[in-house]
Amino acid sequence: MDMLVLRKMDKVAWRLANEMEAIGHPTFVTAAQETDWDYKRASYGRLSTRHLGVEAGLGTLGLEVNILTPEFGPRIYLTGILTELELEPDERITEQVCIGESCSRCLHACPADAVQHFGIDKRACAGEAQEYGFMTMLQYMERVIDAPAVERAAMLKKRDMYGFWQGLLRVVGSFGDCPRCLAVCPVGNDYHLHLVDHQKVIPERTPAKLALGKRWKADRLEGKPVAGLSPWNERWVGPEGYKGMVAKQLAAFKRKTPE
Ligand code: SF4
Ligand code: SF4
């Protein structure tokens, strides 16, 4: 499903770029999931579409640093088009779209304990989200090379190899393989339409995770320094803090869609 959406986005962006070129504005489209192999041993692009989305006024970054939009929470994919045409920008959302520490549902649901206080442990997340991603494949192949010859043949016949083949061929399992922080986030009208009944209970929630969320809330209230809320990062999280956007959005949504 991810791949169908990304393919569609690439097509729409390509058509838009073509139209702009046709009327005389040099333009090109960036791949929706671009990777620059020179950066790190994982999938990172030159342009962060999440940050582009914040600049474009679509949303702000959440506790798990996904971009959260009032309409669809974190359940969106973005792409970018670079053009020389000068465009009037939309206003940025300066209020925090994420409910924040008092919600912490993404923290509770994360199987890798990768969610930080408006940050993420990318390495821990990759173990779940990029089950057959580039980094996992490299690490596996390093183990194959280092293994004694008798074990090597068996390792090359394991299910993992099929996963890597699928990942290389169709990108299946190479990113976006873990849906938990996306599924449980209560921001977005789509959550209340389609997910609320299925995601109410979070089986991964533990007393330790609950306590961590509470500690983060207390830290913020006490004004303790939080790396994810540094003056630079606040721009992306929402410098005005949470002012009840989700509750207002939900009330308006319920008025429009009476049961
Ligand atoms: S994608 Fe999965 S592992 Fe990564 S932060 Fe979200 S819940 Fe955690
Ligand atoms: S689950 Fe809650 S804390 Fe996490 S991003 Fe969504 S609103 Fe923010």
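About the thresholds
- Residues numbered from 1 in each chain as written.
- Chains lettered and ligands numbered in written order.
- Predicted model: local features only at pLDDT ≥ 70, side-chain atom pairs only at ≥ 80, totals over all residues.
- Heavy atoms only, no water.
- Core = buried A, V, L, I, M, F, W, Y, C linked by side-chain atoms within 4.5 Å.
- Buried < 20%, exposed > 50% of the residue type's maximum accessible area, 1.4 Å probe, protein only.
- Helix = DSSP H or I, 4+ residues; strand = E, 2+ residues; numbered from the N terminus.
- Phe/Tyr/Trp six-rings, centres within 6.5 Å; stacked < 30°, edge-to-face > 60°.
- Lys NZ or Arg CZ within 6 Å of the ring centre and 35° of its normal.
- Salt bridge = Lys/Arg side-chain N within 4 Å of Asp/Glu carboxyl O.
- Near = heavy atom within 4 Å.
- Nonpolar A, V, L, I, M, F, W, Y, C, P; charged D, E, K, R; others polar.
- Domains from an automatic or database assignment.
- Contact = heavy atoms within 4.5 Å.
- Buried area = accessible area lost by both parts, 1.4 Å probe.
- Arc of directions from axis to C-beta.
- Axes fitted to C-alpha atoms, helices over the stretch in contact; angles between N-to-C directions.
- Parallel < 35°, antiparallel > 145°, perpendicular 65-115°, else oblique.
- Left-handed = near helix turned anticlockwise from the far one by under 90°.

1. Describing the nonpolar core
Core analysis: the biggest nonpolar cluster contains 20 residues, and Leu63, Leu68, Val97, Val115, Phe118 and Val187 have the highest contact counts within it. Among the secondary structure elements, those contributing two or more residues to this core are helix H3 (105-109) and helix H12 (245-256). With seven residues, the next largest nonpolar core counts Tyr132, Met137, Tyr140 and Met155 among its residues.

2. Points about the packing of aromatic side chains
According to the stated counting rule, one finds four aromatic pairs in the structure shown. Here the aromatic rings of Tyr132 and Phe164 are separated by 5.5 Å at their centres, their planes lie at 85 degrees, and the arrangement is edge-to-face. On the criterion of sequence distance, the pair formed by Tyr132 in the loop between helix H4 (122-129) and helix H5 (134-146) and Phe164 in helix H7 (residues 159-170) is long-range, its members being 32 residues apart. On the accessibility criterion, Tyr132 (9% relative accessible area) is buried. One residue, Arg235, lies across the ring of Trp236, its end atom 5.7 Å from the ring centre.

3. Remarks on the pattern of salt bridges
Per the counting criterion, the structure on display carries nine salt bridges. Here Glu95 and Lys248 are joined by a salt bridge, their closest N and O atoms 4.0 Å apart. Of this pair, Glu95 sits in the loop between strand E4 (81-83) and H3 while Lys248 is found in helix H12, placing the two residues 153 residues apart along the sequence. With a relative accessible area of 14%, Glu95 lands in the buried category. With a relative accessible area of 49%, Lys248 lands in the partly exposed category. Of the charged contacts in the structure, one is a salt bridge between Asp113 and Lys209, with a shortest N-O distance of 3.9 Å. On the criterion of sequence distance, the pair formed by Asp113 in the loop between H3 and strand E5 (115-116) and Lys209 in helix H10 (residues 207-221) is long-range, its members being 96 residues apart. Through salt bridges with shared partners, a single network forms among Asp219, Glu222 and Lys224.

4. Looking at the site of ligand 1
If you check the shell around ligand 1, you find Cys110, Pro111, Ala112, Ile120, Cys125, Glu128, Cys178, Arg180 and Cys181 and nothing else. Mapped onto the shell around ligand 1, the elements with two or more residues apiece are H4 and helix H8 (180-184). Residues that form the shell around ligand 1 fall into these classes: seven nonpolar, no polar and two charged.

5. Re the site of ligand 2
Among the 13 residues in the neighbourhood of ligand 2, the closest are listed as Cys98, Gly100, Cys103, Cys106 and Cys185. Of the residues assigned to the shell around ligand 2, the class counts are nine nonpolar, two polar and two charged.

6. As for the domain arrangement of the protein
Domain annotation of the protein identifies domain 1 (2-126 + 176-256) and domain 2 (131-170). Computed over C-alpha atoms, the centres of domain 1 and domain 2 are 31 Å apart. At the junction of the two partners, domain 1 supplies six residues and domain 2 supplies seven residues. Carbon and sulfur atoms make up 54% of the area that domain 1 and domain 2 hide from each other, which totals about 670 Å². Taken together, the links from domain 1 to domain 2 amount to zero salt bridges.

7. Remarks on helix H9 (residues 189-199)
Among all positions of H9, only Asn189, Asp190, Tyr191, Leu195 and Gln199 are buried. The arc that holds the buried residues of H9, viewed along the axis, is 120 degrees, so those residues lie on one side. Facing away from the buried side of H9, by more than 90 degrees, are the exposed residues Leu193, His194 and Asp197. Elements that come into contact with the buried residues of H9 comprise H3, H8 and H12.

8. As for the environment of Val226
Mapping Val226 onto the fold places it in the loop between H10 and helix H11 (231-237). You can call Val226 buried: its relative accessible area is 13%. Measuring from C-alpha to C-alpha, the distance between Val226 and Trp216 comes to 8.8 Å, with 10 residues separating the pair along the chain.

9. Side note on the packing of H5 against H7
Interaxial distance between H5 and H7 falls to 11 Å at its minimum, and their mutual angle equals 140 degrees. Between H5 and H7, the crossing angle belongs to the class labelled oblique. Seen along the crossing, H5 lies across H7 with a hand that is left-handed. In contact with Thr136, Met137, Tyr140 and Met141 of H5, H7 contributes Asp160, Met161, Phe164 and Leu168. Along the lines of polarity and charge, the residues of the contact of H5 with H7 split into six nonpolar, one polar and one charged.

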